[in-house]
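Remarks on the overall topology
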Amino acid sequence: MKKILTILIILLTLIGCSKDNNLSSLETILEKKSMIVGFTNYPPLGYKDATGEITGLDIEIAKAVAKELGVDVTFQYIDWDNKTFELNNGNIDMIWNGFTITDEREKEVLFSKPYMDNQIVIISLKSNPIDKISDLTNLNVAVETQSSGQLSIEKNDIINSINELQKYTNVSDAVLALNSGSTDAVIADVTFAGYLQTEHPDMYHVSDEAFESEYYGIGFRIKDDSTLKDEIDRIIDGMIEDGRTSEISIKWLGKDLINRP
């Protein structure tokens, strides 16, 4: 009898595990009643402010999405160059922090529908303004490692003419290098550049010329089904339609950059 009970317990355990393994990506989030969003220090999209509070445009939208899903949301800081590892390892449920959609990234990540238009620009000091890509010749240029800024300059012919490409863990460190004179320019998203100009209007210059236009998306595990992605896309569609995303964008960027291509 004891042996039979043991076998039954093992079978029930296996059945339970099998059931859990068959849950869709959306059902998994709804069952655990929480989602973990991976972000890095990238103001104004996602960052820790002076008080240590996690805030930003993407953070606000993620909170609104989690509320509609009926789940809690946790924001997990990640090193940007390890973002795909963190996602695939299960440490986070999604990458949501100014994550640019590219052909290369689509081989590793399941992207949401694009939700924000963006450009890659040159940030320099007003005391030494840089307006054109060609003006980077013989200069030191800083980027965030594995960022869109790095990808953009590395595939542009100017990469062969600059003095040095300096790579930093996050864009804030790249700006510190600019402030100290260790680098001459920072290549970054126009959203970040706009934030810098808003915070320090007399200090930074943003180039007229841009490397390229691009779109942000939310990154999910490519091995998962699309049910979580589809539901979050549906919620964001509704937020765009009723004007909530416009309010959030204007609050952080001064204009509405949130749209579907």
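These remarks concern the structure in this document. (Residues numbered from 1 in each chain as written. Predicted model: local features only at pLDDT ≥ 70, side-chain atom pairs only at ≥ 80, totals over all residues. Heavy atoms only, no water.)

**Some remarks on the pairing of strand S12 (residues 213-221)**
- Burial analysis of S12 places 7 of its 9 residues in the buried class, the great majority of the element.
- The sheet contact formed by strand S6 (residues 109-111) and S12 spans 3 bridges and is antiparallel. Along S12, the bridge assignment pairs Leu110 with Phe220.
- The sheet contact formed by strand S7 (residues 116-125) and S12 spans 4 bridges and is antiparallel. Its bridge partner being in S12, Asp117 is matched across the sheet by Tyr215. (Buried < 20%, exposed > 50% of the residue type's maximum accessible area, 1.4 Å probe, protein only. Helix = DSSP H or I, 4+ residues; strand = E, 2+ residues; numbered from the N terminus. Pairing = 2+ DSSP bridges.)

**Side note on helix H9 (residues 244-253)**
- For H9, the complete set of buried residues consists of Thr245, Ser246, Ile248, Ser249, Trp252 and Leu253. The buried residues of H9 occupy one face: seen down the axis, they fall within an arc of 165 degrees. In this structure, H9 carries Glu247 and Lys251 as exposed residues pointing more than 90 degrees from its buried face.
- Along its buried surface, H9 packs onto strand S2 (47-48), strand S3 (54-55), helix H3 (57-69), S7, helix H7 (190-199) and helix H8 (227-242).
- Of the residues trailing H9, Gly254 is marked for its positive phi of about 85 degrees. (Arc of directions from axis to C-beta. Contact = heavy atoms within 4.5 Å.)

**Remarks on the packing of aromatic side chains**
- Scanning all chains against the criterion turns up 8 aromatic pairs.
- Seen from their ring centres, Tyr47 and Trp252 are 6.3 Å apart, and the 90 degrees between their planes marks the pair as edge-to-face. With Tyr47 in strand S2 and Trp252 in helix H9, this residue pair connects regions lying 205 residues apart in the sequence. Trp252 carries the same exposure label as Tyr47, and that label is buried. (Phe/Tyr/Trp six-rings, centres within 6.5 Å; stacked < 30°, edge-to-face > 60°.)

**Describing empty space enclosed by the protein**
- For the coordinates displayed, the defined rule picks out 1 cavity of 30 Å³ or more.
- Taken as a whole, the largest cavity spans an internal volume of roughly 120 Å³.
- Around the largest cavity, the lining comprises 15 residues; the ones closest to its centre are Tyr42, Glu144, Ser147, Ser148 and Asp189.
- Looking at the lining of the largest cavity, the elements that each hand over two or more residues are strand S5 (94-100), helix H5 (148-154) and strand S10 (185-189).
- Looking at side-chain class alone, the lining of the largest cavity contains 5 nonpolar, 7 polar and 3 charged residues. (1 Å grid on protein atoms, 1.4 Å probe; cavity = no way out; pocket = protein on both sides within 12 Å on 5 of 7 lines; lining within 4 Å. Points joined across faces, edges and corners; volume = space filled by probe spheres on them. Nonpolar A, V, L, I, M, F, W, Y, C, P; charged D, E, K, R; others polar.)

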